[in-house]
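# Summary of structural features
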Amino acid sequence: QVQLVESGGGLVQPGGSLRLSCAASGRIFSIYAMGWYRQAPGKQRELVATITSGGSTNYADSVKGRFTISRDNAKNTVYLQMNSLKPEDTAVYYCNADIHVAGLGGSRRDYWGKGTLVTVSS
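About the criteria used
- Residues numbered from 1 in each chain as written.
- Predicted model: local features only at pLDDT ≥ 70, side-chain atom pairs only at ≥ 80, totals over all residues.
- Heavy atoms only, no water.
- Buried < 20%, exposed > 50% of the residue type's maximum accessible area, 1.4 Å probe, protein only.
- Helix = DSSP H or I, 4+ residues; strand = E, 2+ residues; numbered from the N terminus.
- Pairing = 2+ DSSP bridges.
- Contact = heavy atoms within 4.5 Å.

## Brief notes about the pairing of strand β1 (residues 2-7)
Judged by which residues are buried, β1 turns out to be one-sided: Val 2, Leu 4 and Glu 6 face inward and are buried, whereas Gln 3, Val 5 and Ser 7, on the alternate face, are not. As judged from the six bridges shared by β1 and strand β3 (residues 18-26), these two strands associate in the antiparallel manner. Opposite Ser 7, over in β3, you have Ser 21 as the bridge partner.

Here it is in structure tokens:
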């Protein structure tokens, strides 16, 4: 059993900043890639950013240069620093992680958090 819990969402004005956090807990043997996805009302969930266990990153074109993904492997936590926020960034942000569960015969699969709401509005 593995759980991902996001935090840091809220209301912010255009041009402002927020920092999201996601902590993984449970019977974790190792975590490979981690990432952030978002879903706006009436739209499909889309990739925002990903980061591998080695630190390689990938960003959606819409957030390139404004958002920064990072991770603390010792804390099993991934972060998303969001700067220069725009109204178009308004969405529920979901944490994702590729996790190998601990124990003999443990499986490896994607896990998802429940999401945290980010609203960018004046």
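Next comes the rest of the description.
## Considering the environment of Pro 14
With respect to the element layout, Pro 14 can be found in the loop between β2 (10-12) and β3. Taking the relative accessible area as the measure of exposure, Pro 14 reaches 41% and is therefore partly exposed. In the structure, Pro 14 is positioned 69 residues away from Asn 83 in sequence and 9.5 Å away in space, judged by C-alpha atoms. Excluding residues that lie within four positions of it along the chain, Pro 14 makes contacts with Leu 85, Pro 87, Val 120, Ser 121 and Ser 122.

## Re the pairing of strand β10 (residues 108-112)
In the sheet, strand β9 (residues 91-101) pairs with β10 via five bridges, with the strands oriented antiparallel. Paired with Ala 97 across the two strands is Tyr 111, which belongs to β10. Joining the antiparallel neighbours β9 and β10 is a turn of six residues, in which Gly 103 adopts a positive phi near 105°.

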